[in-house]
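So the chains spell out like this:
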Amino acid sequence: MTKILGIETSCDETGIAIYDEQKGIIAHQLYSQVAMHGEYGGVVPELASRDHVRKIIPLVDASLKEANITPEQLSAVAYTQGPGLIGALLVGATIGQSLAYAWQLPSIGIHHLEGHLLAPMLEGEKPEYPFLALLVSGGHTLLVSVKALGDYEIIGESIDDAAGEAFDKTAKIMGLDYPGGPILAKLAEKGQDQTMRFPRPMTDRPGLDFSFSGLKTFAANKIAASDGSEQSKADIAKAFQDAVVDTLAIKCKRALKQTGATSLVVAGGVSANISLREKLAKLMRDIGGKAYYPRHEYCTDNGAMIAYAGYCHFKQGEILKPNKYPVKVYPRWPLSEAFS
Ligand code: KG4
Ligand code: ZN
């Protein structure tokens, strides 16, 4: 039975998992560096690389133990080849290729965003091709028309800040801890002011691109004008979140119309946002379609999505033959170029 080891080290999470063709994910190990980077208010690339070096082998060992298998039972090693922080990627690629070499297994370099995009396939109810995908992470905001595995057409993207980046930067301006996205979302739950309204950028003109950088300035002005109370902060957080969620939903609706898709996959760190999930689930119900999300732990960076993407490509025979193990990573790597 095919079993793939997945290695994710593109940013500040060391994620190792094993996907089994029959049983699904049989090992899932994750070490998050957020506490370390929190001190600096953002990811420090060199510290990230060093921490991946420390954690990766123990997590591979823990994964094999969790799955109760030996390396001989693996079929291939998949690792994130890009995009991401170059040092962090190099750690995962070097270890991935070295393990594949030592175990005489094929290896598969995976595009990080494809991992996110396919993560909802790990759930019981899987989307079927073709579908529309909204990828919302700390580094990307993309609308992708997915016709088949590897057939990804980007039909909309952010021209400045990504959705997650907008959450994080706004949270920082509000004095919230790092990483701010989920903390701002939690605070937004306490928001009550129905009158405060942020703009919905670029929705007043046709097209599927996004722009979120203006929202943080808008938030900064609201904070400066507020009384600084916890309630005011919560109100601002809610108004900000409503604007991001609404904007994403408006563009999704347009993209669904344009592509004729009836399935929507929502993935990437921001897909953990409850308000976004509810809004898009309703949108899809209203048009007689369905929204698909990964479970919470597969929304943010993890090894399971890399193991699964590796499995999909392994099945198609897209592998590097043993004894050819170049360590090559792509810090900047458009999804549309991954399969061209
Ligand atoms: O996919 P991911 O783990 O890493 C990247 O590939 O970027 O996404 C991380 C991003 C961060 O910007 C984080 O603040 C955001 O996802 N995020 C959230 C929530 N949970 C994570 N943003 C809004 N609401 C959340 N609940
Ligand atoms: Zn990611």
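Our structure's up above, just so we're on the same page.
Residues numbered from 1 in each chain as written. Chains lettered and ligands numbered in written order. Predicted model: local features only at pLDDT ≥ 70, side-chain atom pairs only at ≥ 80, totals over all residues. Heavy atoms only, no water.

A word on the side chain of glutamine 81
In plain terms, the rule: Labels follow the DSSP assignment, with helices taken as runs of H or I lasting at least four residues and strands as runs of E lasting at least two, numbered in each case from the N terminus. Only protein chains enter the accessibility calculation, which uses a 1.4 Å probe. A residue is then buried if its area is under 20% of the maximum for its type, exposed if over 50%, and partly exposed in between.
Mapped onto the elements, glutamine 81 comes out in strand S4 (residues 76-82). Given a relative accessible area of 12%, glutamine 81 falls into the buried group.

A few points about the coordination of the zinc ion (ligand 2)
For clarity, the cut-off: Metal donors: N, O and S atoms at distances within 2.8 Å, or within 3.2 Å for Na, K and Ca, with water omitted from the atom set so that some sites may seem incomplete.
Distances from the zinc ion (ligand 2) to its protein donors, namely His112 (NE2), His116 (NE2) and Asp301 (OD), fall within the range 2.0 to 2.1 Å. Sequence spacing of the donors to the zinc ion (ligand 2): H-x3-H-x184-D. Of this pair, histidine 112 sits in helix H4 (residues 112-118) while aspartate 301 sits in the loop between strand S10 (290-292) and helix H10 (303-315), and the two are 189 residues apart along the sequence. The burial state of histidine 112 is the same as that of aspartate 301; both residues are buried.

Observations regarding the packing of helix H6 (residues 180-188) against helix H8 (residues 230-259)
Put simply, the rule reads: Note on geometry: axes are lines fitted to C-alpha atoms, helical ones only across the stretch in contact, with angles between N-to-C directions running from 0 to 180 degrees. What sets the label is the angle itself: under 35 degrees gives roughly parallel, over 145 gives roughly antiparallel, 65 to 115 gives roughly perpendicular, and the rest give oblique. Residues are treated as being in contact if the distance between any of their heavy atoms lies within 4.5 Å. Classes in brief: Ala, Val, Leu, Ile, Met, Phe, Trp, Tyr, Cys and Pro nonpolar; Asp, Glu, Lys and Arg charged; the others, Gly included, polar.
Close contact between H6 and H8 brings their axes to 7 Å; oriented N to C, the two are set at 110 degrees. Taken together, the axes of H6 and H8 lie roughly perpendicular to each other. Contact residues: H6 offers Leu184, Ala185, Leu187 and Ala188, while H8 offers Glu230, Lys233, Ala234, Ala237, Lys238, Phe240 and Gln241. Broken down by class, the residue content of the contact of H6 with H8 amounts to 7 nonpolar, 1 polar and 3 charged.

A word on a nonpolar patch on the surface
Formally: Grouping into patches uses exposed residues only, defined as over 30% relative accessible area, and leaves out salt-bridged ones; the cut-off is 9 Å for like charges and 5 Å for nonpolar side chains (Val, Leu, Ile, Met, Phe, Trp, Tyr). Here, Shrake-Rupley sampling with a 1.4 Å probe gives the accessible areas, and only protein chains in the shown set may cover a residue. In what follows, salt bridge is the name for a side-chain nitrogen of Lys or Arg lying within 4 Å of a carboxyl oxygen of Asp or Glu.
The grouping of Ile86, Leu90 and Val327 at the surface amounts to a nonpolar patch, some 230 Å² of accessible area in total. Mapped onto the elements of the fold, valine 327 is located in the segment after H10.

Considering the packing of helix H2 (residues 45-67) against helix H3 (residues 86-103)
Here is the rule we go by: Note: crossing handedness is left-handed where the near helix turns anticlockwise from the far helix by less than a right angle, and right-handed where it turns clockwise.
Taken N-terminus to C-terminus, the directions of H2 and H3 make an angle of 35 degrees; their axes are 9 Å apart at the nearest point. Judged by the sense of rotation from one axis to the other, the crossing of H2 with H3 is right-handed. On H3, the residues touching Ser49, His52, Val53, Ile56, Ile57, Val60 and Leu64 of H2 are Gly87, Ala88, Val91, Gly92, Ile95, Leu99 and Trp103. The class makeup of the residues in the contact of H2 with H3 is 10 nonpolar, 4 polar and no charged.

Remarks on the packing of aromatic side chains
This is how the line gets drawn: Between the rings of Phe, Tyr and Trp (Trp by its six-membered ring), a pair exists once the centres lie within 6.5 Å; its type follows the angle of the planes, with under 30 degrees stacked, over 60 edge-to-face, and the other angles tilted.
Evaluated as defined, the whole model comprises 11 aromatic pairs. Their ring planes at 80 degrees and their centres at 5.1 Å tell us that tyrosine 19 and tyrosine 308 sit as a pair that is edge-to-face. Separated by 289 residues along the polypeptide, tyrosine 19 in strand S2 (residues 13-20) and tyrosine 308 in helix H10 bring together distant segments of the chain. For the pair shown, tyrosine 19 and tyrosine 308 are each scored as buried. Geometrically, the ring pair formed by tyrosine 101 and tyrosine 325 is edge-to-face, given 5.9 Å between the ring centres and 80 degrees between the ring planes. Placement of the pair is tyrosine 101 in helix H3 and tyrosine 325 in the segment after H10, with a sequence separation of 224 residues. The buried category is assigned to tyrosine 325, whose relative accessible area is 15%. An aromatic cluster is defined as three or more aromatic residues linked by ring pairs; in this entry it consists of Phe167, Phe198, Phe218 and Phe240.

Describing the pairing of strand S8 (residues 151-157)
The test is simple: Two strands qualify as a pair provided that DSSP identifies no fewer than 2 bridges between them.
In this structure, strand S7 (residues 141-148) lies alongside S8, joined through 6 bridges in antiparallel fashion. Looking at S8, one finds that leucine 142 is bridged to glutamate 157. Between the end of S7 and the start of S8, which pair antiparallel, lie 2 residues, with glycine 150 showing a positive phi angle near 85 degrees.

A word on the sheet that holds strand S9 (residues 263-267)
Read across the sheet, 5 strands follow the order S8-S7-S6-S9-S10 without closing on themselves; strand pairing throughout is mixed. The strands lining the two open edges of the sheet, one partner per strand, are S8 and S10. Pairwise comparison of adjacent strand axes, ignoring direction, gives a mean angle of 25 degrees for this sheet. Pairing of S9 with S10, which is carried by 3 bridges, proceeds in the parallel orientation. Note that in S10 the partner of valine 265 across the bridge is tyrosine 292.

With respect to the site of ligand 1
What counts here: Working definition: residue near molecule or strand if any one of its non-hydrogen atoms lies within 4 Å of it. Within 3.5 Å is the distance limit for a polar contact, defined as a pair of N or O atoms, with the added protein rule that one can donate a hydrogen and the other accept it, and that residues adjacent in sequence qualify only through two side-chain atoms. The source of the domain bounds is an automatic or database domain assignment.
Close to ligand 1 lie 18 residues; Gly138, Asp168, Gly269, Asn273 and Asp301 are nearest. Aspartate 168 places a polar side-chain atom, nitrogen or oxygen, 2.5 Å from an oxygen atom of ligand 1. Within the backbone of glycine 269, one N or O atom sits 3.0 Å away from an oxygen atom of ligand 1. Bound to the protein, ligand 1 loses 86% of the 550 Å² it would expose on its own. Among the secondary structure elements, those contributing two or more residues to the shell around ligand 1 are H4, helix H5 (163-173) and H6. Of the residues belonging to the shell around ligand 1, the class tally is 5 nonpolar, 11 polar and 2 charged. Counting the residues that make up the shell around ligand 1, at least three belong to each of domain 1 (3-118 + 299-338) and domain 2 (128-293).

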